Amino acid sequence: MCGIVGYLGPNQAAPVLLSKLRCLEYRGYDSAGVAVIEAGRLNVIKAVGKLANLETLLQKERPMATVGIGHTRWATHGSPTDENAHPHINANGTLAVVHNGIIENYAELKAELTARGYVFRSDTDTEVAAHLLSYELEKAPTDVLRAIIRVVAQMRGAYALGIVSQHHPDRIYAVNHHYSLTVGLGEKESFLASDSTAVRQFTNKIIRLEQSEIAEITTDGVRLFAFDGNERTRDPISVESNAYKIDKEGFKHFLLKEIHEQPLVLRQTLSKYLISADQPVNFNVESFAPGLSAMYGVSLSDDQVRSIDRIQIVACGTAYHAGLVGKYVIEELCGIPVEVDIASEVRGRKLLVNNRTLTIAVSQSGETADTLAAINEAIESGSFTLGITNRPDSHLATLTPNLIVTECGIEVSVAATKTYLAQLVSFYLLAIYLAEKRGSISDQYARELKRGLSHVPAVIEQVLAREEAYRRESLKLADAHDVVFIGRGFNYPTALEGALKLKELSYIHASGYAAGELKHGPIAVLDSSVPVITVLVPGRVYEKTLSNAQESRARNARMVAIAVDGDESAPSTFDYIFRIPPIDEILSPMVTVVPMQLMSYFVADFLGKDVDQPRNLAKSVTVE
Ligand code: M6R
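Only a predicted model underlies this, so the values are computations on that prediction, with no experimental measurement involved. (Residues numbered from 1 in each chain as written. Predicted model: local features only at pLDDT ≥ 70, side-chain atom pairs only at ≥ 80, totals over all residues. Heavy atoms only, no water.)

**Structural notes on the overall build of the chain**
A tally of helices and strands in the chain yields 19 helices and 26 strands. Against the 2.2 N^0.38 benchmark of 25 Å for 624 residues, the chain shows a C-alpha radius of gyration of 25 Å, consistent with a compact globule. Out of the 624 residues in the chain, the part that is buried amounts to 61%. For the chain, the computed accessible surface area is about 22,900 Å², with 48% contributed by carbon and sulfur atoms. Treating the 61 positive side-chain charges of the chain as one cloud and the 74 negative ones as another, the clouds have centres 1 Å apart. (Helix = DSSP H or I, 4+ residues; strand = E, 2+ residues; numbered from the N terminus. Rg over C-alpha atoms; globule rule 2.2 N^0.38 Å. Buried < 20%, exposed > 50% of the residue type's maximum accessible area, 1.4 Å probe, protein only. Areas by Shrake-Rupley, 256 points an atom, 1.4 Å probe, with all protein chains shown as cover. Lys, Arg positive; Asp, Glu negative; His and termini not counted. Charge placed at Lys NZ, Arg CZ, Asp CG, Glu CD.)

Right, dumping it as structure tokens:
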């Protein structure tokens, strides 16, 4: 979603801002812009569409400036146009604002400002902040900080702002209110970004802004203020400075590369928490960065683990599907009832958690507004909390004392693939960990599961080696308008995830159903034009799933299966089969989803879709 960057220092600001915006590109956006102070005057350059459009304008104009802010916008208020692109300026064009999040009372504020004579040029809520700041500055033109304090006192919502003023070319102001912003400190230069990866390109000395905090950034450092104006002091922390590399490494798309990285990321995540099959799962590994509250791992005492009588999982999208697999696995191994909620559905409802509940927030980015809001509710209700994220530097990591970090590296493609697999493996590890502590599974079974888990990356490698056969079968689906995915038990969430991947990548409408649910309504849509993709793995629900597939076949649907090698019943029911190596039913969701990811990729690529950045989507969904 939207991204904020800023720079001030000895170098030309525009190329630095552009390079930082590139780091944020993967979050999703539909326009971009910068505001720099050039020879004492504010110069705003913005363009709808990809960063390449902004780059062309910057190459033409070549602004000579050493201070500036930049933004990638994902439209919320107003369509993606040049006028709505950020930065937004005040009436006389002396100050510029970039903004992430939503100003909830913008309509009210806009009406007040309009009544005072302010003219709005865009449909955005952001422009309110620019005019309001201008209005507050009229009262004391030199005191920008006080004006910002009066502005934030009037604005409601969760947001982050970056501000430059031509009257103060030696500084950038930043505001963080229930969002994420990082300041990077270099040698006589400072950086601002909504995603620390964009800062870590340049420096490993960072300060993360806390909630409801204002930063006054100069080339000498940063001063921090609470919203009441009180100054706060905090030392910068050192983080790994490894440059953020955007490299497809020979793959046509990041998505394909990331699908192929799955065996590696599973091994990395497993090796962090699982030493051997003979030892208990160990979540007590080192804190990942000084100065941040979250530790890798789970710091619950044995008594606390035994006291948990319910688990609540909150997540969105693909992470929600991972949570559903987590439910099946935890209930199976630990006998603890697990609820899984779409995080946005927790809003405006009673979340029934207490001090005997463990609430787990799953979020690749750790920045999903709905998921953060849900975990905050759980914290307020006194629940134990745990986060599963790929971003130890995220907002989520600061909220939960327990954190399982998936070891995936950056996931550039908007569609989640490798992080889904790593979330799944985290749930398996967590379930075994809880089961071992509560004594709900035998040592022998725990060992078998851990051995099975360690073998999964090798099985996925075998699946990936079949890519060409999958590609041929996948292209037969490219003419479909509707596709139905079905699965039961552990693979019901796989059906949901398969459908989500296909629709977000190829824009073909797809729905996932519990296989047994088909005959309760969805079967009405079936005819010879509709492919039904069935996840069929030997185990407790095999026969029933096969019967549900046969019900579809009787309606002339085009029958497709994800089935294991040696399954002799499949050919008589299915028109084509994506074969996978044999795998235990309980572990199978980590394997069955991979042909579906590839299928979605091949169809989308064949149809010429923007595979890595599908239309309308954002990687990090930071608005509710
Ligand atoms: O960063 P998060 O895991 O919290 O993101 C949740 C969803 O927005 C995300 O999984 C989304 O559904 C992806 N586009 C799926 O590919």
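Let's pick the thread back up.
**Quick notes on the site of the ligand**
The ligand sits among 14 residues. The nearest are S363, Q364, S365, T368 and E504. One nitrogen or oxygen atom from the side chain of E504 is found 2.5 Å from an oxygen atom belonging to the ligand. When the ligand is considered free in solution it has 410 Å² of accessible area, and contact with the protein chains removes 90% of it. Elements represented by at least two residues in the shell around the ligand include exactly α10 (317-334) and α16 (492-506). (Near = heavy atom within 4 Å. Polar contact = N/O pair within 3.5 Å; in protein donor to acceptor, adjacent residues only side chain to side chain.)

**Looking at the nonpolar core**
I311, L333, I360, L430 and F485 are the most contacted members of the largest nonpolar core, which has 99 residues in total. The biggest single contributor to this core is helix α13 (residues 418-438), with 13 residues. Residues lining this core come from more than one domain, with at least three contributed by each of domain 2 (254-464) and domain 3 (467-606). Sequence-distant contacts of L430, defined by excluding residues within four places in its chain, comprise F283, V298, I360, L386 and I404. (Core = buried A, V, L, I, M, F, W, Y, C linked by side-chain atoms within 4.5 Å. Domains from an automatic or database assignment. Contact = heavy atoms within 4.5 Å.)

**A word on the pattern of salt bridges**
Side-chain pairs of opposite charge can arise whenever the charged atoms involved come near each other. One pass over the structure, following the stated rule, counts 38 salt bridges. Between R234 and E213 there is a salt bridge, with its nearest N and O atoms 2.7 Å apart. You can see R234 sitting in the loop between β14 (231-232) and β15 (237-238) and its partner E213 sitting in strand β12 (residues 213-218), a full 21 residues away along the chain. Judged by its relative accessible area of 26%, R234 is partly exposed. (Salt bridge = Lys/Arg side-chain N within 4 Å of Asp/Glu carboxyl O.)

**Points about the packing of α13 against helix α19 (residues 589-606)**
The contact between α13 and α19 brings their axes to 10 Å, and the two run at 170°. With respect to α19, the element α13 is oriented roughly antiparallel. Residue-level contacts link Y420, L421, L424, V425 and Y428 of α13 to P589, M590, V593 and Q597 of α19. For the contact of α13 with α19, the residue count by class is eight nonpolar, one polar and no charged. (Axes fitted to C-alpha atoms, helices over the stretch in contact; angles between N-to-C directions. Parallel < 35°, antiparallel > 145°, perpendicular 65-115°, else oblique. Nonpolar A, V, L, I, M, F, W, Y, C, P; charged D, E, K, R; others polar.)

**Comments concerning the domain arrangement of the chain**
Domain parsing of the chain yields domain 1 (3-238), domain 2 (254-464) and domain 3 (467-606). Between domain 2 and domain 3, the C-alpha centre-to-centre distance is 26 Å. Contacts between the two partners involve 32 residues from domain 2 and, on the opposite side, 27 residues from domain 3. Where domain 2 packs against domain 3, one counts one salt bridge. The partner of E332 in a salt bridge is R540, with the nearest N and O atoms 2.7 Å apart. At the junction of domain 2 and domain 3, the tally comes to nine residue pairs in polar contact (both at pLDDT 80 or more). Those elements giving two or more residues to the side of domain 2 that touches domain 3 turn out to be α7 (254-260), α10, α13 and α14 (443-464). For the side of domain 2 that touches domain 3, the element with the highest residue contribution is α14, accounting for ten residues. Looking at the side of domain 2 that touches domain 3 residue by residue, the class counts come to 23 nonpolar, eight polar and one charged.

**Concerning helix α1 (residues 13-24)**
Here α1 contains twelve residues, and its C-alpha end-to-end distance of 17 Å stays within 8% of the 16 Å for a straight helix at 1.5 Å per residue. Among the twelve residues in α1, nine count as buried, and that is most of the element. Those residues of α1 lying buried are A13, A14, V16, L17, L18, K20, L21, C23 and L24. For α1, the secondary structure elements touched by its buried residues are β1 (3-8), β2 (31-38), α2 (51-61), β4 (67-73), β10 (190-193) and α6 (197-200). (Expected span 1.5 Å × (residues − 1).)

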